[in-house]
Amino acid sequence: MRPTRLLYVENDSALRRILGEMLGQSKELEIIGSFAKSENVLDRSLVRKADVALIDFSLDQNGLNGVELGIALRNINDTHRYCHLFAVLCCSNGEPRSKGYPKRLVFL
């Protein structure tokens, strides 16, 4: 069985490096892209290769936030008949709760 193909989007470079290294050690995961900004992950050919996306909830102020990016990724992938992309959004500062979203993890 092939590993789960993961897109990882996190604007904090230290966290992206640390968590990326941890995720990369798993034999069940293959990181096919690690990005700091939402606009860099919207490549249709890359998105269609992904099984799951791990997205920071609070991305940069000038681009899409994590929820908007998750929805955009699902919309791109819904046109592809064979694969469904699931997005998992994470945060450490409680932001989803203050915006009316469930706390800590959101699955789209």
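Below, the structure is looked at part by part. (Residues numbered from 1 in each chain as written. Predicted model: local features only at pLDDT ≥ 70, side-chain atom pairs only at ≥ 80, totals over all residues. Heavy atoms only, no water.)

## Remarks on the pairing of strand S3 (residues 52-56)
Burial runs high along S3: five of the five residues are buried. Burial along S3 is two-sided: Val52, Leu54 and Asp56 and Ala53 and Ile55, pointing in opposite directions, are all buried. Pairing of strand S1 (residues 4-9) with S3 involves four bridges; the strand directions are parallel. Bridging from a neighbouring strand, Leu7 pairs with Ala53 of S3. (Buried < 20%, exposed > 50% of the residue type's maximum accessible area, 1.4 Å probe, protein only. Helix = DSSP H or I, 4+ residues; strand = E, 2+ residues; numbered from the N terminus. Pairing = 2+ DSSP bridges.)

## What about the environment of Pro3?
Of note, Pro3 is situated in the segment before S1. As for Pro3 and Lys27, which are separated by 24 residues in sequence, their C-alpha atoms are 6.8 Å apart. Aside from chain neighbours lying at most four places away, what touches Pro3 is Lys27, Glu28, Leu29, Glu30 and Asp51. (Contact = heavy atoms within 4.5 Å.)

## Topic: the pattern of salt bridges
For the coordinates displayed, the defined rule picks out three salt bridges. With a shortest N-O distance of 2.6 Å, Arg2 and Asp51 are connected by a salt bridge. In this pair, Arg2 sits in the segment before S1 while Asp51 sits in the loop between helix H2 (44-47) and S3, placing the two residues 49 residues apart along the sequence. The exposure class assigned to Asp51 is buried, which follows from its relative accessible area of 15%. For Asp51, the salt bridge identified is with Arg5, shortest N-O distance 3.5 Å. Highlighted residues: Asp51 in the loop between H2 and S3 and Arg5 in strand S1, separated in sequence by 46 residues. On the accessibility criterion, Arg5 (21% relative accessible area) is partly exposed. Within the structure, one salt-bridge network assembled from shared partners comprises Arg2, Arg5 and Asp51. (Salt bridge = Lys/Arg side-chain N within 4 Å of Asp/Glu carboxyl O.)

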